[in-house]
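An overview of the molecular structure
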Amino acid sequence: MSVPTEQVIGRLADQRPGGGPPLDETRVPSRWGVVLRRFLGRRLALAGLVVLAGLFVLAFVGPYLTPWTYTDKDYAAFLSGPSADHWFGTTQTGGDVYALTVRGMQKSLIIGLLVALFSTGLAAIVGSFAGYFGGWVDRTLMWMVELLLVLPAFLLVAILSPLFRGRTWLLFVVLLAAFLWMVTARIVRGMTISLREREYVLAARYMGLSGPRIIFRHILPNISSLLIIDATLNVSAAIIAETGLSYFGFGVQPPDVSLGTLIADGTTSAVTFPWLFGFAAGLLVLIVLSVNLVGDGLRDALDPTSGA
Amino acid sequence: MAKFLLRRLASSIVLVAIAASLAYVLAAASLSPRSNFEGRNPPPPAAVVERELEARNLNDRTPIIERYGAWATGLVRLDFGESWDGTSVNAEMARRIGVSLRLLIIATILGSVLGVLVGAWGAVRQHRFSDHAITFASFVILSTPVFVLAVLLEIVAVGVNDATGVSVFEYTGEFTPGLEGGFWTLAVDRLQHLVLPTLTLVLAQIAIFSRYQRNAMLDVLGSDFVRTAQAKGLRRRTALLKHALRTALIPSATFFAYNFGLLLIGATFIETIFGWHGMGEWFIESVRRNDVNAVAAVSCFAAVLVLFAGLLSDLAYAVLDPRIRVGA
C-alpha cells in the first residue's frame, strides 16, 4: 500500500503558491511524514488527540492532586455535593467521587488499551493465517469466527465472569480480548487473500521463505494501516464493553472501581444526586468520543480512498 | 435462490445447536448453583442439597458430559429444564420472550429504516449544514454507551414531566400494575411506558445505521450509473431512490446482521434500567443466581435471533442484488 504518486505531487504543488521555501525537487516526503501531515490537518482528530492526552494526564496524575484516595471514607460528609474539599462531591458512604472517578478512568483506559492490543493482534494472526494458507486452515478458523459471532461476546464474558472473580483483572482483559477479535479477523483475511498472489509475496515464496515468515515479514506490514485503524477503534469498543460488563458487576470487582461500576452506582440517583452519575458518565463519553475521533482521523490519514 | 436459503437455514440450525451447547458447557463449568444453598441460615443438610441439585441436573459433582447429555436430550424436545429453585425455564421464557421481542422488533424496524433514510439524506446533502449536524449528532450518540443514553433520556423525561405537571413518560416497568380502565386507558398506559426504552434503542440504531449508510451512499453517488440515470431523463428523486439508494443498501444489509448482536446487548441494558422483565434482564439475574439452565436458554434465544438476522440480511441481499439470485 504505497502512497499514490498524485498525492505526493499534489502536496508538493500545494507548497508553491504559498510563497514558502523553494521547492526542493529531490526531497519526497516519507510515507509517515505524509500520514502525519494529513492527520494534523484534521482539526477534529487533533482535538480528539489533545483531549485524550488530557484525560490520560487526569487519570494518572489526578489521584495525586487530592488528599483523598479512592478507598478513603469521609464520615463527616455523606452525599454532599461538589465543594472545595470534595471536588466531585461524595457518595452515600462518604467516598470521594473525584478520587473514585480518576481511579475508575485509570482502570477503564488501561483495560481498553490492553484489550484492543490483544484482540487486534489475535485478529491479525488468525485472519492472515486463514487467508494465506486457505484450505482446511481457512475453513476451521472461519468456522470458529462464525460460531463466536453467533454468541454476543458480552454474554460469553458474563457467563465466564465467576472465573476471574477474586483473581487478577488481567484475566478479565484476556477473556474480553478473546471474544472481540472476530470482525477484524474477517477483514484481515479478505485483505490477505488479495495480497497472497502479489509479486513480492510470490518472490518470497519462491526464495523458500516459510509461510509464517512471509505473513509476519510481508503480509502484516502491508496491512498495517488497517491494523492501526482497527486497533484504535477497538479501544473504544473495548472500553464500552468493559464498562458495560462492570456495570452489571461482571467486570472489574470491588473494592476496585471502573467507570462502569461508578455509573451503575450513580444511575438510580442520577436525578436527585447528579454528581454521582454525571462526572463518571461524562468522562466516559468524552474518552470514547475522543478515541473515535482519533480513529476516524487515522483512517482518513492512512487510507484516504476509504471515502469516509 | 430457494436452495441457497434452505442450505443457509440448515447450517444455521447446526450453528444454533453448537452455540447453545457451547454456552451450556461454559455456564455449567463456571457457575455454581451449589453456592446458592451455602449462604442459607440454618444450612440445609448436605443430603438435601445433593438431592435438590440432582433433581435439576445442576450437581457439579456429576461429570459435565453427563449433565450436558441430560440437558441436550431435553433440548431436543425443546425442554430447557428447571431453574435452581425448581420453576420451569420454559414457563419463565414464555412470560418474558414477548416483552423482549416487542422492544427488539420495534427498535430494529424503526432504527434501521430511519437510520438508512437519515444517512442517505445526509449523503445527498453532503457538506451542507444539515449533513454536518447529522454526522456530528450520530458521532456523539455512537460514543455514548446505551446505559448512559438511557439515563440521559430519563433525566429529560423527568424534566418534561415536571414542566408539564403530568406524567407524560413513564420509566419503570412496561405497564402500571393494577391500573383499571378500558382498552384505551391500558393501551395509552402501555405506550407511555414503551416510548423511552424504545427511543433509547432506536436512537442508538439510527446513529449506527445513518453513519454506515451515509458512507455507502457517498460511494455510490459519484458513480457513472447514477449520472447516466439522471442524464437519460429520470427525475433526480427517482434516480436517487431507485438507482443510488438501492445499490447503497447492499452493504447495509450485511451490516444489519453484524449489528444485531450489539442490539441484543443494548436491549439487555435497557430492560434492566427501565425495569422491563424481558430476556436480557433474566440473563443478568440468572448469571448472578448461578442459574445454569436459564443462562443456557437465553444464550440459545440470542443465537437464534442473531442467525435469524443473518438469514434476513441474506434475503435482503438477494432481493437487492440480482447477481446473487442468478448465481445461486
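Check the secondary structure of chain A and you find 13 helices and zero strands. Along chain A, helices (α) and strands (β) appear in the sequence α-α-α-α-α-α-α-α-α-α-α-α-α when read from the amino end. Looking at chain A alone, contacts between residues at least 24 apart form 70% of all its contacts between residues at least 6 apart. Accessible area of chain A: about 14,300 Å², with a carbon and sulfur share of 66%.

Residues and elements named next belong to chain A. For the coordinates displayed, the defined rule picks out 17 salt bridges over all chains. Here Arg 299 and Asp 296 are joined by a salt bridge, their closest N and O atoms 3.5 Å apart. Here the residue Arg 299 and the residue Asp 296 both occupy positions in helix α13 (residues 274-302), the gap between them amounting to three residues, near one helical turn. The class for Asp 296 is buried, based on a relative accessible area of 16%.

Before going further, it helps to spend a moment on the interface of chain A and chain B. Buried accessible area, meaning the area lost when the parts come together, often serves as the stated size of an interface. At the junction of the two partners, chain A supplies 40 residues and chain B supplies 43 residues. Interface area for chain A against chain B, summed over the two sides, is near 3,600 Å², with a carbon-plus-sulfur share of 82%. It is A:Val150, A:Ile159 and A:Phe248 that lose the most area in chain A upon contact with chain B, and together they represent 19% of the buried surface on that side. Joining chain A to chain B, the criterion identifies one salt bridge. We note a salt bridge from A:Asp296 to B:Arg211, for which the minimum N-O separation is 3.0 Å. Counting every contact that joins chain A to chain B gives five residue pairs in polar contact (both at pLDDT 80 or more). Of all the elements in the fold, those that place two or more residues in the side of chain A that touches chain B are α5 (135-150), α6 (153-164), α8 (182-196), α11 (224-247), α12 (259-267) and α13 of chain A. Looking at the side of chain A that touches chain B residue by residue, the class counts come to 30 nonpolar, seven polar and three charged.

Residues and elements named next belong to chain B. This structure, assessed with the given rule, holds two cavities of 30 Å³ or more. In this structure, the largest cavity encloses a volume near 130 Å³. Taken together, 15 residues make up the lining of the largest cavity; nearest its centre are Leu 264, Thr 268, Gly 280, Val 298 and Phe 301. Secondary structure elements with two or more residues in the lining of the largest cavity: α5 (89-124), α10 (236-273), α11 (279-288) and α12 (292-320). A total of five residues in the lining of the largest cavity trace back to one element, the largest contributor, which is α10. Class assignment of the residues belonging to the lining of the largest cavity gives a composition of eleven nonpolar, three polar and one charged. Taken as a whole, the second largest cavity spans an internal volume of roughly 50 Å³. Lining the second largest cavity, in full, are Ile 134, Thr 135, Ser 138, Ser 210, Arg 211, Arg 214 and Asn 215. Every element with two or more residues in the lining of the second largest cavity is listed here: α6 (129-142) and α8 (183-221). Looking at the lining of the second largest cavity, the element that brings in the most residues is α8, giving four residues.

Another point: the side chain of A:Thr232. Residue and element names in this part refer to chain A. Looking at where Thr 232 falls in the secondary structure, it is placed in helix α11. One polar contact links the side chain of Thr 232 to the main-chain carbonyl oxygen of Ile 228, over a distance of 2.7 Å. The residues touching Thr 232, leaving out its near neighbours within four places in the chain, are Val 291, Val 294, Gly 295 and Leu 298.

With respect to the element layout, A:Asn222 can be found in helix α10 (residues 211-222). A polar contact of 2.6 Å, which involves the side chain of A:Asn222, links it to the backbone oxygen of A:His218.

What follows is about the confidence of the model for chain A. In this model, chain A carries a mean pLDDT of 83, and residues with pLDDT of at least 70 account for 90%. Counted against residues more than four places away or in other chains, residues 1-19 of chain A, with its pLDDT under 50, gives 20 contacts.

Moving on to the side chain of A:Ser236. All names here are of chain A. Within the secondary structure, Ser 236 sits in helix α11. Among the polar contacts made by the side chain of Ser 236, one reaches the main-chain carbonyl oxygen of Leu 233 at a distance of 2.9 Å. Of the polar contacts made by the side chain of Ser 236, one reaches the side chain of Asn 292; its length is 2.8 Å. With sequence-adjacent residues up to four places away left out, Ser 236 is seen in contact with Val 288, Val 291 and Asn 292.

With that out of the way, let us pick up the nonpolar core. Membership of the largest hydrophobic core comes to 128 residues, with the highest contact counts inside it found for A:Ile263 and B:Phe283. Ranked by the residues each element gives to this core, the list is headed by α12(B), at 14 residues. Setting aside its immediate chain neighbours within four residues, B:Phe283 contacts A:Leu155, A:Ala158, A:Ile159, B:Val295, B:Val298 and B:Ser299. In this structure, A:Val201, A:Leu220, A:Ile223 and A:Leu227 belong to the second largest nonpolar core, which totals 13 residues.

Here the focus is a nonpolar patch on the surface. Residues and elements named next belong to chain A. Together, Val 57, Phe 60, Val 61, Leu 65, Trp 87 and Ile 110 line one region of the surface with nonpolar side chains, adding up to about 510 Å² of accessible area. Per element, the largest residue contribution to the nonpolar patch is three residues, and it comes from helix α3 (residues 43-61). With respect to the helices, strands and loops of the structure, Phe 60 is situated in helix α3. Residue class for Phe 60 comes out partly exposed when judged on its relative accessible area of 33%.

All names here are of chain B. Quantified by volume, the second largest pocket comes out at close to 680 Å³. For the lining of the second largest pocket, the element with the most residues is α6, which contributes six residues. Its residues assigned to classes, the lining of the second largest pocket shows nine nonpolar, seven polar and seven charged.

Criteria and thresholds
- Residues numbered from 1 in each chain as written.
- Chains lettered and ligands numbered in written order.
- Predicted model: local features only at pLDDT ≥ 70, side-chain atom pairs only at ≥ 80, totals over all residues.
- Heavy atoms only, no water.
- Helix = DSSP H or I, 4+ residues; strand = E, 2+ residues; numbered from the N terminus.
- Contact = heavy atoms within 4.5 Å.
- Areas by Shrake-Rupley, 256 points an atom, 1.4 Å probe, with all protein chains shown as cover.
- Salt bridge = Lys/Arg side-chain N within 4 Å of Asp/Glu carboxyl O.
- Buried < 20%, exposed > 50% of the residue type's maximum accessible area, 1.4 Å probe, protein only.
- Buried area = accessible area lost by both parts, 1.4 Å probe.
- Polar contact = N/O pair within 3.5 Å; in protein donor to acceptor, adjacent residues only side chain to side chain.
- Nonpolar A, V, L, I, M, F, W, Y, C, P; charged D, E, K, R; others polar.
- 1 Å grid on protein atoms, 1.4 Å probe; cavity = no way out; pocket = protein on both sides within 12 Å on 5 of 7 lines; lining within 4 Å.
- Points joined across faces, edges and corners; volume = space filled by probe spheres on them.
- pLDDT = per-residue confidence, 0-100.
- Core = buried A, V, L, I, M, F, W, Y, C linked by side-chain atoms within 4.5 Å.
- Patch = residues over 30% accessible without salt bridge, like charges linked within 9 Å, V, L, I, M, F, W, Y side chains within 5 Å.

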